Amino acid sequence: PMSQKPVLNWIALTLVPGLGSKTLWQLVDHFGGMTPLLTACMDGRIKTANFRKSVLSVLANPVHLREEAESHLEKLKACGATAICPDDELYPELLKEIVNAPPVLYLQGRMELLNSMCVAMVGSRAATGYGKRSAFVLAQDLAAAGVTVVSGLALGIDSEAHSGALAAGGDTIGVLGCGLDVVYPRQNQALYEGIRTRGLLVSEYLPGTRPEGFRFPARNRII
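Criteria and thresholds
Residues numbered from 1 in each chain as written. Predicted model: local features only at pLDDT ≥ 70, side-chain atom pairs only at ≥ 80, totals over all residues. Heavy atoms only, no water. Core = buried A, V, L, I, M, F, W, Y, C linked by side-chain atoms within 4.5 Å. Buried < 20%, exposed > 50% of the residue type's maximum accessible area, 1.4 Å probe, protein only. Helix = DSSP H or I, 4+ residues; strand = E, 2+ residues; numbered from the N terminus. Contact = heavy atoms within 4.5 Å. Arc of directions from axis to C-beta. Pairing = 2+ DSSP bridges. Axes fitted to C-alpha atoms, helices over the stretch in contact; angles between N-to-C directions. Salt bridge = Lys/Arg side-chain N within 4 Å of Asp/Glu carboxyl O.

Draft legend 1. Region of the structure containing the nonpolar core. Core analysis: the biggest nonpolar cluster contains 45 residues, and Ile11, Leu27 and Leu37 have the highest contact counts within it. Among the secondary structure elements, those contributing two or more residues to this core are α1 (6-14), α2 (21-31), α3 (34-42), α4 (53-59), α5 (63-78) and α9 (189-198). Here the element with the most residues in this core is α1; it accounts for 6 residues. Once residues lying within four places of it in the same chain are set aside, the contact partners of isoleucine 11 are Ala69, Leu73, Ala83, Val104 and Tyr106. Judged by nonpolar contacts, the second largest core, of 14 residues, contains Leu107, Ile173, Val202 and Ile222.

See below:
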């Protein structure tokens, strides 16, 4: 039977080796939605779709993917995190409108911030003293005025933006280029903890995913 939790189906799809979010959306569109796609998988009709054979052969037997997704969801719950998919009310409307939207968002912290008024602040890792001070003060003022400051938890401008928002007692969202449980860069441990407990951490990657160069430009579309 299909999962009662739509997010399980989305996580299961992201576990297919070689199936990136772009192809995943193409499959969902090709079959007219997640439910018709899964029905096609279970009816053996998936093999007729014009996608990579390796991907289709894994999809032809989705049961073990669902079980793996279930265990990921249990682990998330155990560490106080959760996952949402585009079928969830909490999934940000604006994010649904972008090309190649993340099929799953892993979250830890105050989920209501997803639909607050947000501003993105990003910049150089090798920022000047002036740049850092400006970012801190700007983020502080914005947060004090009730705006959620969204950034990428990198060194430099990103760190100052988050720090300024927290200093104002305001709201901030950190979008990671790795799993929720991976602190990167290491020297941002305290900042990471501050955002996790007082703001919101967001990632499109499964817990345990290591930071790799290509993941950072990808997470920028979420910011």
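Draft legend 2. Spatial organisation of unusual backbone geometry. The omega angle of the peptide bond from tyrosine 184 to proline 185 is -5°, so this bond is cis rather than trans. The backbone of asparagine 100 shows a phi angle near 60°, a positive value even though the residue is not glycine. Considering the arrangement of structural elements, one finds asparagine 100 in the loop between α6 (93-96) and β2 (105-109). A positive phi angle is found at leucine 153, which is not glycine, with a value near 55°. The buried category is assigned to leucine 153, whose relative accessible area is 2%.

Draft legend 3. Fine view of α2. Inspection of α2 places Ser21, Leu24, Leu27, Val28 and Phe31 among the buried residues, and these make up the whole buried set. One face of α2 carries all of its buried residues, which in axial projection span an arc of 120°. More than 90 degrees from the buried face of α2, the exposed residues found are Lys22 and Asp29. Phi turns positive, to about 80°, at glycine 32, one or two residues after α2.

Draft legend 4. Highlighting the sheet that holds strand β3 (residues 118-120). If you trace the 6 strands from one edge of the open sheet to the other, you get β1-β2-β6-β5-β4-β3, paired in mixed fashion. One side of each edge strand has no neighbouring strand; the edge strands of this open sheet are β1 (82-84) and β3. Each neighbouring strand pair of the sheet contributes to a mean axis angle of 25°, computed without reference to strand direction. When strand β4 (residues 148-151) meets strand β5 (residues 172-175), the two strands line up parallel, connected through 3 bridges. Each residue of the ladder has a partner; that of valine 149, found in β5, is threonine 172. The sheet contacts of α9 involve β2, β5 and β6 (200-203), and relative to β6 the element is tilted by about 100°.

Draft legend 5. Representation of the pattern of salt bridges in the model. Within the structure shown, the criterion is met by 8 salt bridges. Here lysine 96 makes a salt bridge to glutamate 93, at a shortest N to O gap of 3.3 Å. In this pair, lysine 96 and glutamate 93 are both assigned in helix α6, 3 residues apart and thus about one turn of the helix distant. Classification of lysine 96 as partly exposed rests on a relative accessible area of 37%.

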